[in-house]
Amino acid sequence: MSRVGKQPIQLPEKVSIKVGDDRSVLVEGPKGKLNWTLPVGVDVKADGKVVSVTRDSEDRRVRAMHGTSQRLISNMVVGVSDGYKKNLEIHGVGFRAAVKGNHIDLSLGHSHPVLHPIPAGVKVTVTDNTKIAVEGLDKQIVGQVAADIRGYYPPEPYKAKGVRYVGEYIRRKACLLYTSDAADEEDNV
């Protein structure tokens, strides 16, 4: 049996889960609601404050979806109770960001400003023009928005300019400088 799939999910206070006849799972909590449809062969049973995920067969696809379903439901529970947050920071002279309506305006050294749409259910805040916080209920959407923003100008290894996650380590490369001693050696050869 799947090690991840057989782990029980503990429901925090004020969080409820409902499984419909059409295999839909609805998780409600203080921050909002999330729903998802179970794949065929996977079942969910809720006993009070403990949720367990089981599978019907030993088919390869069903075994794979067993652990995935457990983890997705667990992420939904955390999302409606605490929410998810990704922090980004911008490094570079003249690089900045601002929220304009339902878009984030990124000035990243390109010839044009980059306007990235903010999806529904996601809150983006910018502080100090260089610190971006992406918050929401759905872990996948929050992570994807943060990755899209980082993807416009990933940190480069020479000066470490660009958009990076807070705490991300950038492995720097040494810049080779052309010196006059090297030029003299080439002339003597």
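Residues numbered from 1 in each chain as written. Predicted model: local features only at pLDDT ≥ 70, side-chain atom pairs only at ≥ 80, totals over all residues. Heavy atoms only, no water.

A. Region of the structure containing the packing of aromatic side chains. Evaluation of the coordinates by the stated rule reveals one aromatic pair. Judged by centre distance (5.1 Å) and plane angle (65 degrees), the rings of phenylalanine 95 and tyrosine 153 are edge-to-face. Placement of the pair is phenylalanine 95 in the loop between strand S7 (84–91) and strand S8 (96–100) and tyrosine 153 in the loop between helix H2 (139–151) and strand S13 (162–165), with a sequence separation of 58 residues. Summarising the burial analysis for this pair, phenylalanine 95 and tyrosine 153 share the class buried. Across the ring face of tyrosine 165, the terminal group of lysine 86 is positioned such that the distance to the ring centre comes to 5.5 Å. (Phe/Tyr/Trp six-rings, centres within 6.5 Å; stacked < 30°, edge-to-face > 60°. Helix = DSSP H or I, 4+ residues; strand = E, 2+ residues; numbered from the N terminus. Buried < 20%, exposed > 50% of the residue type's maximum accessible area, 1.4 Å probe, protein only. Lys NZ or Arg CZ within 6 Å of the ring centre and 35° of its normal.)

B. Region of interest: the sheet that holds strand S3 (residues 24–29). Within the open sheet, the three strands sit side by side as S2-S3-S4. Their pairing is antiparallel. Of all strands in the sheet, those bounded by a partner on one side alone are strand S2 (16–19) and strand S4 (32–37). Strand-to-strand twist in this sheet, taken as the mean axis angle between neighbours without regard to direction, amounts to 15 degrees. Both S2 and S3 contribute to a ladder of four bridges, which runs antiparallel. What sits directly across from lysine 18, in S3, is leucine 26. In the packing of helix H1 (residues 60–81) onto the sheet, contacts are made with S2, S3 and S4, and the angle to S4 comes to roughly 170 degrees. (Pairing = 2+ DSSP bridges. Axes fitted to C-alpha atoms, helices over the stretch in contact; angles between N-to-C directions. Contact = heavy atoms within 4.5 Å.)

C. Spotlight on the environment of glutamate 168. Summarising the element assignment, glutamate 168 is placed in the loop between S13 and helix H3 (180–188). With relative accessibility at 23%, the residue glutamate 168 sits in the partly exposed group. Sequence separation between glutamate 168 and glutamate 89 is 79 residues; the distance between their C-alpha atoms is 9.7 Å. Beyond its immediate sequence surroundings of up to four residues, glutamate 168 is in contact with Arg150 and Pro155. Reaching out from glutamate 168, the side chain makes a polar contact with the backbone nitrogen of tyrosine 165 at a distance of 3.0 Å. (Polar contact = N/O pair within 3.5 Å; in protein donor to acceptor, adjacent residues only side chain to side chain.)

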